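# Overview (structure and organization)
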Amino acid sequence: MLAIIGGTGMAQLACLEVSNRQVIRTPYGEPSGPLTFGRIKDHEVVFLARHGYGHTIPPHVVNYRANLWALHSLSLTRVISVASVGGIRSDLAPGSIVIPHQIIDYTHGRKHTYYDTTDRPVTHIDFTEPYCPLTRERLLQAADRARQAIIDGGVYGATQGPRLETASEIDRLERDGVDMVGMTGMPEAALAKELHLCYATIAVVANHAAGRATSARAIHLKDAHAVLEKAMVGVRSMLEWAVELDAD
Ligand code: HPA
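My aim in this report is to walk through the structure given alongside it, one point at a time. Since this is a predicted model, take the numbers as computed values, not measurements.

Counting buried positions along strand 3 (residues 35-40) gives five out of six residues, so the element sits mostly inside the fold. Inspection of the sheet shows strand 2 (residues 17-22) paired to strand 3 by five bridges, in the antiparallel sense. Directly across from E17, in strand 3, lies its bridge partner R39. In this structure, the hairpin formed by strand 3 and strand 4 (residues 43-49) is closed by a connection of two residues, where K41 is found at a positive phi of approximately 45 degrees.

Here it is in structure tokens:
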């Protein structure tokens, strides 16, 4: 069974034939909402809306540990996350879909690890490759099958939010090598790795990052929402193929 975490623009998964919802409690508290079980093209899928089904949980308040733990408790192996981002690299225009390959973490104060107790030996997971290469590959194949243009690779910079960035912060991120900026990529990816889940992200560019192109003076979120709504058609089609490929 494949798990899908939906972000802004994907609080529900229209292509999912829902069979049931389940509230799961974890040692880390409650996930963002009940897990939604169902089928896509006759394959079992579980879906979780990262910001809650009414989109009420801001990025820095999301209980990432409970979300990933709940999915892990189902004994599944693969998690695809969908996340909206601001585009920094000039070819990452609004509406682009990117499969990032690297992350830089600028978040702070989030509960970001399961290894924070003193009753076990100190553990440092390897995070050289933050995303699962095989799951990334499946997403690239899914895009190909769906005839959806995507960008293969890019560095995701995870910021704290919930405010958007200043133009100078975006300049700094670019100097760091960041291609796209979002608020939810971390600690989600690291927690998935700690739980040995095969995790990769479909990043959807909702807007030019602050200070860039049409966001030179401000980011207009209304425009960004319209962009996301349109792009999610392609993302859904990719997910349908990803589920099919995963079942093979
Ligand atoms: N910055 C941070 N997170 C985002 C943005 C952005 O410009 N767009 C969508 N998520």
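Here the narrative resumes, following the displayed structure.
With respect to the element layout, R212 can be found in the loop between strand 11 (198-208) and helix 5 (221-247). By relative accessible area, R212 is classed as buried at 15%. Apart from residues lying up to four places away in sequence, R212 is in contact with I88, I170, D171 and E174.

What follows is about the pattern of salt bridges. Summed over all chains, the structure comprises 13 salt bridges. The closest approach of N and O atoms between R25 and E30, which form a salt bridge, is 2.6 Å. By relative accessible area, which is 47% here, E30 ends up partly exposed. Each member of the salt-bridge network shares a partner with another, and the members are R78, R138 and D246.

In this section: helix 5. Owing to its 3.6 residues per turn, the α-helix aligns residues three or four sequence positions apart on the same side. Taking 1.5 Å per residue, 27 residues should reach 39 Å; helix 5 reaches 37 Å between its end C-alpha atoms and fits that length. At M232, helix 5 shows its largest kink, close to 30 degrees.

Another aspect to go through is the site of the ligand. Lining the immediate environment of the ligand, one finds S84, V85, G86, L164, E165, V181, G182, M183, N207 and I219. Here a nitrogen atom of the ligand and a backbone polar atom of G86 are 3.3 Å apart. Contact with the protein chains hides 92% of the accessible area of the ligand, taken as 260 Å² for the molecule alone. Because more than half of its atoms lie within 2 Å of the grid, the ligand is assigned to the largest pocket. Counting residues per element, the shell around the ligand draws most heavily on strand 5 (residues 78-87), which supplies three residues. Residue composition of the shell around the ligand, by class: five nonpolar, four polar and one charged.

The next subject is the packing of aromatic side chains. Under the criterion given, the structure shown has four aromatic pairs. Centre to centre, the rings of Y28 and Y114 are 5.0 Å apart; their planes meet at 65 degrees, and the pair counts as edge-to-face. Within this pair, whereas Y28 is found in the loop between strand 2 and strand 3, its partner Y114 is found in the loop between strand 7 (102-105) and helix 2 (133-145), the two being separated by 86 residues in sequence. Here Y28 falls in the partly exposed class, since its relative accessible area comes to 22%. Look at Y131 and Y199: their rings are 6.3 Å apart centre to centre, the planes differ by 10 degrees, and that puts the pair in the stacked class. With Y131 in the loop between strand 7 and helix 2 and Y199 in strand 11, this residue pair connects regions lying 68 residues apart in the sequence. Across the pair, exposure class does not vary: Y131 and Y199 are buried alike.

Calculation criteria
Residues numbered from 1 in each chain as written. Predicted model: local features only at pLDDT ≥ 70, side-chain atom pairs only at ≥ 80, totals over all residues. Heavy atoms only, no water. Buried < 20%, exposed > 50% of the residue type's maximum accessible area, 1.4 Å probe, protein only. Helix = DSSP H or I, 4+ residues; strand = E, 2+ residues; numbered from the N terminus. Pairing = 2+ DSSP bridges. Contact = heavy atoms within 4.5 Å. Salt bridge = Lys/Arg side-chain N within 4 Å of Asp/Glu carboxyl O. Expected span 1.5 Å × (residues − 1). Bend = angle between axes of the 7 residues up to and from the residue. Near = heavy atom within 4 Å. Polar contact = N/O pair within 3.5 Å; in protein donor to acceptor, adjacent residues only side chain to side chain. Areas by Shrake-Rupley, 256 points an atom, 1.4 Å probe, with all protein chains shown as cover. 1 Å grid on protein atoms, 1.4 Å probe; cavity = no way out; pocket = protein on both sides within 12 Å on 5 of 7 lines; lining within 4 Å. Sits in = over half its atoms within 2 Å of the grid points. Nonpolar A, V, L, I, M, F, W, Y, C, P; charged D, E, K, R; others polar. Phe/Tyr/Trp six-rings, centres within 6.5 Å; stacked < 30°, edge-to-face > 60°.

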